[in-house]
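Chain and residue survey
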Amino acid sequence: MISQPHQYPTSYKPWSHLKTDDPEVYSHIEAELHRQRYSLEMIASENFVCQSILAGAGNPLTNKYAEGLPHKRYYGGCEHIDAIESLAISRACSLFSCHYANVQPHSGASANNAVFLALLQPGDRILGLDLSHGGHLTHGSPVNISGMYFQAHCYGVDPQTELLDYDIIRERAKEVQPQLIIAGASAYPRVMDFAAFANIAKEVGAYLLVDMAHIAGLVAAGLHPSPLPHAHVTTTTTHKTLRGPRGGMILWNDNSLSAKLNKGVFPGTQGGPLEHIIAMKATCFHLAHREEFQTLQQKTIKNAQAFATTLKEHGCHLVTGGTDNHLILLNLLHSNLTNHKDSNQVTGKDLEAALDQVHITTNKNTVPGEKRSPFVTSGVRFGSPALTSRGLLTQDFKLIAKWVAQILESLQNQKTHDTEPPCFASIRKQVKELCSKYPLYPEW
Ligand code: DSN
């Protein structure tokens, strides 16, 4: 593991007491730690926190109710909670160069809901990136509250380049006349032009919400342009590239929005804040100022690009042809690696399951022009943050990409499903060796 502020001298684990108090839960936690240790985690939205944050999240602040904001609480005894939450707010503002932050959202989805409640009326029009083009459920999907309580419209990527085309987005915005435009994605591998989004929002008189959850760590390190100078409101999670505890946050600059946004969180959509997690958000923002964090984010991009290049060398088609950030989206509709005319059509579900069998963890993902259901899909999404935090190098990412291509090719060539393709056993062994070379939380 890299970028760990402290190595603990003993093998004491924060969850050790559960061994006697609740052996059943203890054994599931141990099993999950074992899974994380002996698999290659390539889900683009996941990461491994440093030991300080992992251990620090189990702290006495979990015992405290603190509804309200620092120094304006509905409960007594909040003086230390106030100090910690104020620190988290000021560190968030300093890290992202903005004036205001609410660090209470339990997740990115909760942060987005709070913004919707603050800025919209039921039935208002919102415009976000199509889910199958890399958008997110909370940006207007019909199965999410954002698509049920608002009139949700979407824009897509250019069918040829698979890139965002700001002229097309402008046209959509003029047609739809939304009250809110959402920029941000969970499967878009390229830089987003937030200034262009802001211009479009201004032209149609809409608020601009940027959901930077996936790229927050890159933004903090100055490796992706920041949305903060452009968006009315920015939301994020804290646990993806940012490498903090699992949670969300809202950032903004215009004080006239402050009361609405804060009320959108509490009492609008949440109750008591998770102050033990807010303490670790503060630590995350502190660590993100360090040079090691910058280096980690640079390596995250470099490793993703090495992975993408190797997949392409093996004949894989990547959405947009590559990546500028931490994620790679493999398009299986155009990635035929075999010479056989009658090769199998491999779905995202098939490849995700096959990679699971060799302990490479990914997720099936829709791709632009998707015809299959979200449970099947024609793509697989990969990400570099977790393995980069674990210490894997560019050469390791190239090796993993080679294994992915071998597995895909063997699925495309497979004549019978009765036996496992021959390369699986050897790749599984090599995955185990690679995991052992980069131990995860070795003191535990
Ligand atoms: N579920 C996250 C992702 O995987 O991208 C987004 O919330």
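In this text, all values refer to a predicted model and were calculated from it rather than measured experimentally.

1. Comments concerning the site of the ligand
In the vicinity of the ligand, the contacting residues are Ser45, His136, Ser186, His214, Lys240 and Arg381. The separation between an oxygen atom of the ligand and a polar side-chain atom of His136 is 2.8 Å. The contact in question runs from an oxygen atom of the ligand to an N or O atom on the side chain of His214, over 2.7 Å. The protein chains hide 64% of the 230 Å² of surface that the ligand would expose on its own. Residues of the shell around the ligand, tallied by class, amount to no nonpolar, four polar and two charged.

2. Focus on empty space enclosed by the protein
As enumerated under the stated definition, the model contains three cavities of 30 Å³ or more in all. Reported here for the second largest cavity is a volume of approximately 100 Å³. Surrounding the second largest cavity, 15 residues form its lining, Ala185, Tyr188, Met192, His214 and Ile215 being those nearest its centre. A class-by-class count of the residues in the lining of the second largest cavity yields seven nonpolar, six polar and two charged.

3. Focus on helix H16 (residues 423–437)
Between its terminal C-alpha atoms H16 stretches 21 Å, which fits the 21 Å expected from 15 residues at 1.5 Å a residue. Taken together, the buried residues of H16 touch helix H2 (23–37), strand S1 (40–41), helix H13 (348–357), strand S13 (360–361), helix H14 (385–390) and helix H15 (394–413).

4. Re the sheet that holds strand S14 (residues 363–365)
Within the open sheet, the four strands sit side by side as S11-S12-S15-S14. Their pairing is antiparallel. The strands lining the two open edges of the sheet, one partner per strand, are strand S11 (317–318) and S14. Pairing geometry for S14 and strand S15 (residues 379–383), over three bridges, is antiparallel. The residue bridging Asn365 from the neighbouring strand is Gly379, located in S15. Relative to S15, H13 is tilted by about 45°, and along the sheet it contacts strand S12 (327–331), S14 and S15.

5. A look at the confidence of the model for the chain
Chain-level pLDDT for the chain is 96 on average; 98% of the residues reach the 70-or-more range. The least confident element of the chain, judged by mean pLDDT, is helix H3 (residues 51–56) at 95; the most confident is strand S4 (residues 100–102) at 99.

6. Quick look at the sheet that holds strand S8 (residues 207–211)
What the seven strands build is an open sheet, ordered S4-S10-S9-S8-S7-S5-S6; its pairing is mixed. Strands with a single pairing partner mark the edges of an open sheet, and in this sheet they are S4 and strand S6 (151–155). If you compare each strand with its neighbour and ignore which way they point, the axes differ by 20° on average. In this sheet, S6 lies alongside strand S5 (residues 125–129) in parallel orientation, the contact comprising five bridges. Counterpart to Ile126 in the pairing with S6 is Ala152. Here helix H5 (residues 108–119) sits on the sheet and contacts strand S7 (180–183), S8, strand S9 (233–237) and strand S10 (248–252); the angle it forms with S9, its principal contact strand, is near 160°.

7. Details of the packing of helix H4 (residues 79–96) against helix H11 (residues 275–287)
In contact at an axis separation of 8 Å, H4 and H11 are set at 35° when each is read in the N-to-C sense. Two packed elements cross with a definite hand, and for H4 against H11 that hand is left-handed. Counting all contacts with H4, which are made through Ile81, Ile84, Glu85, Ala88, Arg91, Ala92 and Leu95, the residues of H11 involved are Glu275, Ile278, Ala279, Ala282, Thr283, Phe285 and His286. Considered class by class, the residues forming the contact of H4 with H11 number nine nonpolar, two polar and three charged.

8. What about a nonpolar patch on the surface?
A contiguous nonpolar surface patch, about 390 Å² in accessible area, is contributed by Tyr65, Tyr74 and Tyr75. As for its placement among the helices and strands, Tyr74 is situated in the loop between strand S3 (72–73) and H4. Assessed through its relative accessible area of 64%, Tyr74 is described here as exposed.

9. Observations regarding the packing of aromatic side chains
Inspection of the entire model under this criterion finds nine aromatic pairs. Seen in terms of ring centroids, Tyr100 and Trp252 are 5.9 Å apart; in terms of plane orientation they differ by 25°. Their pairing is stacked. Of the two residues, Tyr100 is situated in strand S4 and Trp252 in strand S10; the sequence distance between them amounts to 152 residues. On the basis of relative accessibility, which here comes to 26%, the residue Tyr100 falls in the partly exposed class. Relative accessible area serves as the criterion here: at 1%, Trp252 is assigned to the buried category.

10. Some words on the pairing of S8
For a regular strand, side chains alternate in direction, first toward one face of the sheet and then toward the other. Counting buried residues along S8, four of its five residues qualify, which places the element largely inside the surrounding structure. As judged from the four bridges shared by S7 and S8, these two strands associate in the parallel manner. Across the sheet, residue Leu180 finds its bridge partner in S8, namely Tyr207. Chirality of the crossover, the property in question, places the unit of S7, helix H8 (residues 194–204) and S8 among those that are right-handed. By the bridge criterion, three bridges tie S8 to S9 in an arrangement that is parallel.

Each value, and the rule that gives it
- Residues numbered from 1 in each chain as written.
- Predicted model: local features only at pLDDT ≥ 70, side-chain atom pairs only at ≥ 80, totals over all residues.
- Heavy atoms only, no water.
- Near = heavy atom within 4 Å.
- Polar contact = N/O pair within 3.5 Å; in protein donor to acceptor, adjacent residues only side chain to side chain.
- Areas by Shrake-Rupley, 256 points an atom, 1.4 Å probe, with all protein chains shown as cover.
- Nonpolar A, V, L, I, M, F, W, Y, C, P; charged D, E, K, R; others polar.
- 1 Å grid on protein atoms, 1.4 Å probe; cavity = no way out; pocket = protein on both sides within 12 Å on 5 of 7 lines; lining within 4 Å.
- Points joined across faces, edges and corners; volume = space filled by probe spheres on them.
- Helix = DSSP H or I, 4+ residues; strand = E, 2+ residues; numbered from the N terminus.
- Expected span 1.5 Å × (residues − 1).
- Contact = heavy atoms within 4.5 Å.
- Pairing = 2+ DSSP bridges.
- Axes fitted to C-alpha atoms, helices over the stretch in contact; angles between N-to-C directions.
- pLDDT = per-residue confidence, 0-100.
- Left-handed = near helix turned anticlockwise from the far one by under 90°.
- Patch = residues over 30% accessible without salt bridge, like charges linked within 9 Å, V, L, I, M, F, W, Y side chains within 5 Å.
- Salt bridge = Lys/Arg side-chain N within 4 Å of Asp/Glu carboxyl O.
- Buried < 20%, exposed > 50% of the residue type's maximum accessible area, 1.4 Å probe, protein only.
- Phe/Tyr/Trp six-rings, centres within 6.5 Å; stacked < 30°, edge-to-face > 60°.
- Right-handed = clockwise from strand over helix to strand, strands pointing away.

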